[in-house]
Amino acid sequence: MEILKDEVKMIAVDLYGRKISRLAFAINYENAEMYYQSVCDKILKFINSMHLSDHQILGVGFAMQALISPDKKTVIYGKILSCTGLSISVFTKYLPFPCSFVHDAESAAVSELWISPELEDAFYLSISKHLGAAIISKGMILAGKHGHSSTIEHINMQSDGALCYCGKHGCMETLCSLNALLNKNETLEDFFKYLRLEDSSYMIRWNHFLTNLAKAINMLHLIFDTDFILGGYLAPYLCESDLAFLHEKIHQMTPFDEPSDFLRISKMPKHNIAIGAALPYIQEFLEN
Ligand SMILES: [Zn+2]
């Protein structure tokens, strides 16, 4: 499951992590009984539509735009959806399956690990409406002591910058998320259509965005010298010339004369967040 402000996406995957079925529907998130009841009702109907019995469901993962407690049962920071403190019991009371929360950037990185099992270390950037990240270390997602590892989106980049949803100004989120790139009501499709037609105003906006992204990556790359995977909703639109631009900008900023080999585009840009929420149940099942 992927819980968004105005939409819910669900996807059922088999033991290979392949899609069996998918459903997305518009619904405004509200921290209210009615909301949880109707989402769970949809889940049960979705399962019925695939003619699966309850014992075939290993679990339901809920990817949230929020930070999650290490036991995956509580939202410890949920400013985007205003759901801090939310307990998984709001869902489990209606569903006869194990349920868990997962930070959406982490589930995207889990998907990436699934499709690239050879990945040892990497910095995964989820560039969607909001910015998120996950650090992959020794083939695992780095969890951290308090559950807020890799929350790079709130690193300050501009002291007098735009207001971030966290309440501070000039966070990386305000420069490197799709909210920063796109105008209100503008879609990624539209933006890239005009950009690839080389409309000059779009090229200026894109270069500005990539320059900020290069600054952010350079900063993170100085801390963790590893491969950077560019993921999120932006990933399917990126091309090799964008990577070359980023490498060149980083090359100008960084003190080290490094080869241009540490940036790559996510191999799994589609449905990665929802699928990544399911994969830990499959991994656990296969391991045991
Ligand atoms: Zn912030």
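Located above this text is the structure these notes cover.
Residues numbered from 1 in each chain as written. Predicted model: local features only at pLDDT ≥ 70, side-chain atom pairs only at ≥ 80, totals over all residues. Heavy atoms only, no water.

This part covers a nonpolar patch on the surface. Taken together, Leu15, Phe285 and Leu286 make up a surface patch of nonpolar side chains, about 290 Å² in accessible area. Positionally, Leu286 belongs in helix 9 (residues 272-287). (Patch = residues over 30% accessible without salt bridge, like charges linked within 9 Å, V, L, I, M, F, W, Y side chains within 5 Å. Areas by Shrake-Rupley, 256 points an atom, 1.4 Å probe, with all protein chains shown as cover. Salt bridge = Lys/Arg side-chain N within 4 Å of Asp/Glu carboxyl O. Helix = DSSP H or I, 4+ residues; strand = E, 2+ residues; numbered from the N terminus.)

Further remarks concern the sheet that holds strand 9 (residues 131-137). Pairing is mixed across the open sheet formed by five strands, whose spatial order is 10-9-8-11-12. The strands lining the two open edges of the sheet, one partner per strand, are strand 10 (140-141) and strand 12 (263-265). With respect to the sheet, helix 3 (residues 104-115) is in contact with strand 8 (122-127), strand 9, strand 10, strand 11 (227-231) and strand 12, its orientation differing from that of strand 9 by roughly 45 degrees. Contacts from helix 7 (residues 200-223) reach strand 8, strand 11 and strand 12, with the element oriented near 150 degrees to strand 8. (Pairing = 2+ DSSP bridges. Contact = heavy atoms within 4.5 Å. Axes fitted to C-alpha atoms, helices over the stretch in contact; angles between N-to-C directions.)

Okay, the pairing of strand 7 (residues 99-103) next. The element strand 7 is largely enclosed, with a buried count of five among its five residues. Of the two faces of strand 7, both are covered, the one formed by Cys99, Phe101 and His103 as well as the one formed by Ser100 and Val102. Bridge count for strand 4 (residues 60-64) against strand 7 is five bridges, and the pairing is parallel. In the strand pairing of strand 7, Ala63 is matched with Val102. (Buried < 20%, exposed > 50% of the residue type's maximum accessible area, 1.4 Å probe, protein only.)

Another aspect to go through is the coordination of the zinc ion. Each pair of donors in an ideal four-coordinate tetrahedral metal site encloses 109.5 degrees, whereas pairs in an ideal six-coordinate octahedral site enclose 90 or 180 degrees. For the zinc ion, the full set of protein donor atoms is His154 (ND1), Cys164 (SG), Cys166 (SG) and Cys171 (SG), and the range of their distances to it is 2.1 to 2.4 Å. For the zinc ion, the four donor atoms in the first shell make angles of 105 to 122 degrees at the metal, a pattern classed as tetrahedral. One chain supplies every donor to the zinc ion, and in sequence these donors are spaced H-x9-C-x1-C-x4-C. Within this pair, whereas His154 is found in the loop between strand 10 and helix 4 (173-176), its partner Cys164 is found in the loop between strand 10 and helix 4, the two being separated by ten residues in sequence. The class of His154 is partly exposed, set by a relative accessible area of 25%. On the basis of relative accessibility, which here comes to 4%, the residue Cys164 falls in the buried class. (Donors = N, O, S within 2.8 Å, 3.2 Å for Na, K, Ca; no water. Tetrahedral: all angles 85-135°; square planar, octahedral: opposite > 155°, others 65-115°.)

Among the nonpolar cores identified, the biggest contains 35 residues, and Leu125, Ile127, Trp206, Ile217 and Leu234 are the most heavily contacted of them. Elements that contribute at least two residues to this core include exactly strand 8, strand 9, helix 4, helix 5 (178-181), helix 6 (188-196), helix 7, strand 11 and helix 8 (240-253). Sort the elements by how many residues they give to this core and helix 7 lands first, with nine residues. Residues within four places of Leu234 in sequence aside, it is in contact with Ile127, Leu178, Leu188, Phe192, Trp206 and Phe209. Formed by 33 residues, the second largest nonpolar core is a distinct cluster that contains Ile3, Met10, Phe62 and Met64. (Core = buried A, V, L, I, M, F, W, Y, C linked by side-chain atoms within 4.5 Å.)

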